[in-house]
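Spelled out from the first residue to the last, the chains are:
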Amino acid sequence: MNTAPRTYAIRVDGHLDDHWSAWLGELDLARDDDGTTVTVSVADQAQLHGVLAGLRDIGAVITELRTTGTPAPICPSVLERPLQTERLTLRPATADDADPTWAFRQLKSVNEWLTGCPADLEGYRELFSKPARLATTVILTLGHDPEAPTIGDFMLRREDAWAQLDVADQARDTQAELGWVLDPAFTGHGYATEAGRELLRYCFEDLGVRRVTANCFLGNDASWRLMERVGMRREVHAVRESLHRSGRWLDTVGYAILEQEWSPA
Ligand SMILES: CC(C)(COP(=O)(O)OP(=O)(O)OC[C@H]1O[C@@H](n2cnc3c(N)ncnc32)[C@H](O)[C@@H]1OP(=O)(O)O)[C@@H](O)C(=O)NCCC(=O)NCCS
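Residues numbered from 1 in each chain as written. Predicted model: local features only at pLDDT ≥ 70, side-chain atom pairs only at ≥ 80, totals over all residues. Heavy atoms only, no water.

### A few points about the domain arrangement of the protein
Right, so step 1: For the protein, the domain assignment lists domain 1 (7-68) and domain 2 (83-261).
Right, so step 2: Relative to domain 2, the C-alpha centre of domain 1 lies at a distance of 48 Å. (Domains from an automatic or database assignment.)

Okay, structure coming up:
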């Protein structure tokens, strides 16, 4: 059962006087111009039942009951703090990073290899700013200046390894998956390699995971060559496994590196 706290709003026919507020447990009552009253901020199910009973007792006609302001799940970034490499800054994403990443993600040559990109910026902003997406997105900027231009975004997702049920606790958060996108204006300089190496270091040294994975279409040479440059090993070649938007079923490759195979550059 979802136990996330919720708040509720209840609308009733007619204007309720303020003195009913105390009867209903000191609730704020907002009287709308349309002749209805809304009680807001009913904090939880227990209070909700009490308020509904109170409204029934005074003969109020309930016309609407809805959840409001369900608190967003707390979703901290997997990157606990910004990281610096020789040429780059890697930092947790914020909703403000939607526009600069849209600029390169919507390009045909980039989107060619990605899961997808909404057709308009509004749709992209909505997708990009979802808490779970922000929590797993790492922004790459060139240089160490706070105003430095964004040149790409990486995905870093921490995950559980597969395990039998009785040892599943021990497999929790023991893996991470990497993904990457560079603005094509900044490819060919080793920036993705530099960021990838730093994120591997972060995974093994700071997060303490035991294995890091990455996947791509076999036809995406730039991506699997990057996996090899950062020391990952090809583990899987799946044949005609994934459907590309061109309508073709494409081969995919899966790479991984274990903590004991990794060595700092
Ligand atoms: C995948 C992607 C991030 C790789 O970018 P990239 O620029 O090739 O990778 P790097 O930044 O590490 O640069 C490596 C290239 O720069 C060259 N290079 C120059 N200086 C370098 C340095 N100091 N260190 C390493 N490489 C260097 C390398 O020789 C290599 O060039 P080559 O491919 O001609 O051999 C990029 O192609 C991309 O964003 N693609 C579109 C999105 C995508 O496909 N994402 C993956 C989905 S699974």
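### Digging into the packing of aromatic side chains
For any pair of aromatic rings, geometry is given as the distance between the ring centres together with the angle between the planes.
Right, so step 1: Summed over the entire model, instances satisfying the criterion amount to 5 aromatic pairs.
Right, so step 2: An angle of 50° between the planes, with centres 5.5 Å apart, marks the rings of Trp102 and Tyr124 as tilted. With Trp102 in helix H3 (residues 98-105) and Tyr124 in helix H5 (residues 121-128), this residue pair connects regions lying 22 residues apart in the sequence. As far as the burial class goes, Trp102 and Tyr124 line up, both buried.
Right, so step 3: Arranged with centres 5.5 Å apart and planes meeting at 40°, the rings of Phe204 and Trp262 form a pair that is tilted. Of this pair, Phe204 sits in helix H8 (residues 191-207) while Trp262 sits in the segment after strand S12 (249-258); the two residues are 58 residues apart in sequence, bridging distant segments of the chain.
Right, so step 4: On the basis of relative accessible area, Trp262 is assigned to the buried category, the value being 13%. (Phe/Tyr/Trp six-rings, centres within 6.5 Å; stacked < 30°, edge-to-face > 60°. Helix = DSSP H or I, 4+ residues; strand = E, 2+ residues; numbered from the N terminus. Buried < 20%, exposed > 50% of the residue type's maximum accessible area, 1.4 Å probe, protein only.)

### As for the sheet that holds strand S9 (residues 175-182)
Right, so step 1: Pairing within the open sheet is mixed, and its 8 strands lie in the order S5-S6-S7-S8-S9-S10-S12-S11. Each edge of the sheet is formed by a strand with only one pairing partner; in this case those strands are strand S5 (83-84) and strand S11 (233-243).
Right, so step 2: Relative to strand S8 (residues 150-159), strand S7 (residues 137-142) runs antiparallel, the two sharing 5 bridges. Paired with Thr141 across the bridge in S8 is Thr150.
Right, so step 3: Taken strand by strand, H3 contacts S7, S8 and S9, and its axis lies near 100° from that of S8. (Pairing = 2+ DSSP bridges. Contact = heavy atoms within 4.5 Å. Axes fitted to C-alpha atoms, helices over the stretch in contact; angles between N-to-C directions.)

### Quick look at the site of the ligand
Right, so step 1: Neighbouring residues of the ligand: 21 residues in total, closest Trp180, Leu182, Gly188, Thr193 and Asn220.
Right, so step 2: At 3.3 Å from a nitrogen atom of the ligand is found a main-chain nitrogen or oxygen belonging to His189.
Right, so step 3: Within the side chain of Arg229, a nitrogen or oxygen atom sits 3.1 Å from an oxygen atom of the ligand.
Right, so step 4: In isolation the ligand exposes 930 Å². Once the protein is present, 69% of that is buried.
Right, so step 5: Taken together, the elements giving at least two residues each to the shell around the ligand come down to S9, H8, strand S10 (211-217) and helix H9 (221-229).
Right, so step 6: Considering every element that reaches the shell around the ligand, the biggest residue donor is H9, with 5 residues.
Right, so step 7: Looking at the shell around the ligand residue by residue, the classes come out as 10 nonpolar, 8 polar and 3 charged. (Near = heavy atom within 4 Å. Polar contact = N/O pair within 3.5 Å; in protein donor to acceptor, adjacent residues only side chain to side chain. Areas by Shrake-Rupley, 256 points an atom, 1.4 Å probe, with all protein chains shown as cover. Nonpolar A, V, L, I, M, F, W, Y, C, P; charged D, E, K, R; others polar.)

### With respect to the pairing of S7
Right, so step 1: Of all 6 residues in S7, 5 are buried; the element is thus mostly enclosed.
Right, so step 2: Inspection of the sheet shows strand S6 (residues 88-92) paired to S7 by 5 bridges, in the antiparallel sense. Note that in S7 the partner of Pro92 across the bridge is Val138.

### Looking at the pairing of S6
Note on strand geometry: in a regular strand, side chains alternate between the two faces of the sheet.
Right, so step 1: In terms of strand pairing, S5 meets S6 through 2 bridges, oriented antiparallel. Note on S6: the bridge partner recorded for Gln84 is Thr89.
Right, so step 2: Here S5 folds back onto S6 in antiparallel fashion, the turn holding 3 residues.

### Things to note about the state of the cysteines
Right, so step 1: Per the stated rule, a full pass over the model turns up 0 disulfides.
Right, so step 2: Residue Cys117 stays outside any disulfide, its sulfur separated by 19 Å from that of Cys216, the closest cysteine.
Right, so step 3: Residue Cys117 is classed as partly exposed on the basis of its relative accessible area, which comes to 21%.
Right, so step 4: This cysteine, Cys203, is not joined by any disulfide, and Cys75 carries the nearest cysteine sulfur, 17 Å off.
Right, so step 5: For Cys203, a relative accessible area of 0% translates into the label buried. (Disulfide = S-S within 2.5 Å.)

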